Amino acid sequence: MQAVSKKILPLLTCLSLLLTGCLERDTGPAKPGPDYASHVSGQVVITAGGVLPDDARLEVVLEDVSVADIAAPEIARFQSPVAGPSPHRFELAYRPADIDAGNRYSLRASLFLGDRLGFVSTENFDPFASPEGADIVLSLSAVPERPTVPLASLVNTYWKLTSLRGSPVTMAEGQEREASMVLQGEPAMAKGFAGCNRFSGGYQYAGDSLTLGPLASTKKACAVGMTLETEFLGVLDDTRLFNIEGDTLELLNDQQTVIATFVAVYLH
């Protein structure tokens with residue numbers, strides 16, 4: 001009997017290890033059951049009418065807004081293309097385990113028109129404070145478009161130099177004044193300060209093309225500003241195009257690369 005036990009014991013030990021290995025094998029995450037996710041559904045209504053573009057897109061986000069002054073953690077998100085008149089339906093799936101009964105939650109809806117945010121919800125709406133089964137309605141209001149900034153005039157504007165070939169320009173200690181340029185009208189004359197000396201000369205422009213020169217400058221030697229001056233005058237000589245956006249002037253070379261930027265300064 002004792003001899004038989006000695007033979008059986010190793011067999012039982014191996015069997016035990018085999019069963020343990022089978023039980024501890026990683027079989028991956030459990031598949032969610034039918035109660036894994038809960039849903040919040042409703043509709044959004046656009047307060048202002050109008051035809052939506054083909055690339056309109058609706059987003060509705062469920063957020064935890066319990067803590068003020070921080071970005072609200074996102075619990076769930078719905079996004080879908082939309083077309084036609086409102087209302088537009090939405091449904092968010094969320095995990096009940098992510099919801100704390102002591103926290104506050106809100107739905108935030110956004111309607112994008114292409115890349116632009118066109119409409120947003122302006123009031124907090126807690127879906128868990130509504131009666132169970134009640135249909136949620138979120139109202140969207142139009143986002144005002146940014147007002148068009150009037151373009152500064154190329155001519156008869158004081159242009160302060162802000163960058164050269166991608167590098168910012170600042171006044172050096174001891175520099176007499178800031179580098180700048182004014183393109184006067186009749187007669188067409190470019191005048192400015194390059195960093196050490198004043199410069200002047202003719203210019204021509206038509207459409208978005210612009211050429212300056214030949215330019216002449218005074219011959220004063222300065223302890224500071226000479227490097228800036230050499231670069232500035234070289235850029236003016238390379239200028240072939242210009243672009244103005246709001247109060248910013250860009251000068252471009254013949255390869256359409258921005259080589260200098262200026263900001264308009266209005267003198268009172």
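This section reports on the structure supplied with the text. (Residues numbered from 1 in each chain as written. Predicted model: local features only at pLDDT ≥ 70, side-chain atom pairs only at ≥ 80, totals over all residues. Heavy atoms only, no water.)

### A few points about the state of the cysteines
Alright, step 1. According to the stated counting rule, one finds 1 disulfide in the structure shown.
Alright, step 2. The residue that forms a disulfide with Cys196 is Cys222, at a sulfur-sulfur distance of 1.9 Å. The S-S bond linking Cys196 to Cys222 shows a torsion near 80°; that makes this disulfide right-handed. With Cys196 in the loop between strand E11 (189-193) and strand E12 (198-206) and Cys222 in the loop between strand E13 (209-217) and helix H2 (226-238), this residue pair connects regions lying 26 residues apart in the sequence.
Alright, step 3. Given the relative accessible area of 24%, Cys222 is considered partly exposed. (Disulfide = S-S within 2.5 Å. Helix = DSSP H or I, 4+ residues; strand = E, 2+ residues; numbered from the N terminus. Buried < 20%, exposed > 50% of the residue type's maximum accessible area, 1.4 Å probe, protein only.)

### Quick notes on the nonpolar core
Alright, step 1. Ranked by size, the top nonpolar core spans 28 residues in total, and within it Leu161, Phe232, Leu249, Leu251 and Phe262 carry the most contacts.
Alright, step 2. For this core, the elements supplying multiple residues, two or more each, are strand E8 (158-164), strand E10 (180-184), E12, E13, H2, strand E14 (241-245), strand E15 (248-252) and strand E16 (258-265).
Alright, step 3. With sequence-adjacent residues up to four places away left out, Phe232 is seen in contact with Leu161, Leu164, Ala179, Ser180, Phe193, Ala194, Phe199 and Phe262.
Alright, step 4. Membership of the second largest hydrophobic core comes to 23 residues, among which are Ile46, Tyr94, Tyr105 and Leu113. (Core = buried A, V, L, I, M, F, W, Y, C linked by side-chain atoms within 4.5 Å. Contact = heavy atoms within 4.5 Å.)

### A look at the packing of aromatic side chains
Alright, step 1. Scanning the entire structure with this criterion turns up 7 aromatic pairs.
Alright, step 2. Judged by centre distance (6.1 Å) and plane angle (80°), the rings of Tyr205 and Phe242 are edge-to-face. In this pair, Tyr205 is assigned in strand E12 and Phe242 in strand E14, connecting sequence segments 37 residues apart.
Alright, step 3. Arranged with centres 6.0 Å apart and planes meeting at 50°, the rings of Phe232 and Phe262 form a pair that is tilted. With Phe232 in helix H2 and Phe262 in strand E16, this residue pair connects regions lying 30 residues apart in the sequence.
Alright, step 4. According to the relative accessible area criterion, Phe262 is buried, its value standing at 1%. (Phe/Tyr/Trp six-rings, centres within 6.5 Å; stacked < 30°, edge-to-face > 60°.)

### Re H2
Each full turn of the α-helix corresponds to 3.6 residues, which orients residues three or four apart in the same direction.
Alright, step 1. With 13 residues, H2 should cover 18 Å at 1.5 Å per step; its first-to-last C-alpha distance of 19 Å lies within 8% of that length.
Alright, step 2. All buried positions along H2 are accounted for by Leu228, Glu229, Phe232, Val235 and Leu236. The buried residues of H2 occupy an angular sector of 130° when projected down its axis, which confines them to one face. Summarising the geometry of H2, the exposed residues directed more than 90 degrees from the buried face are Thr227 and Thr230. (Expected span 1.5 Å × (residues − 1). Arc of directions from axis to C-beta.)

### A short note on the pairing of E12
Alright, step 1. Both E11 and E12 contribute to a ladder of 4 bridges, which runs antiparallel. Opposite Phe193, over in E12, you have Arg198 as the bridge partner.
Alright, step 2. Turn length for the E11-E12 hairpin, with the two strands adjacent in sequence and antiparallel, is 4 residues, and the turn residue Gly195 shows positive phi of about 135°.
Alright, step 3. With 7 bridges connecting them, E12 and E13 associate as antiparallel partners. Across the sheet, residue Gln204 finds its bridge partner in E13, namely Thr211. (Pairing = 2+ DSSP bridges.)

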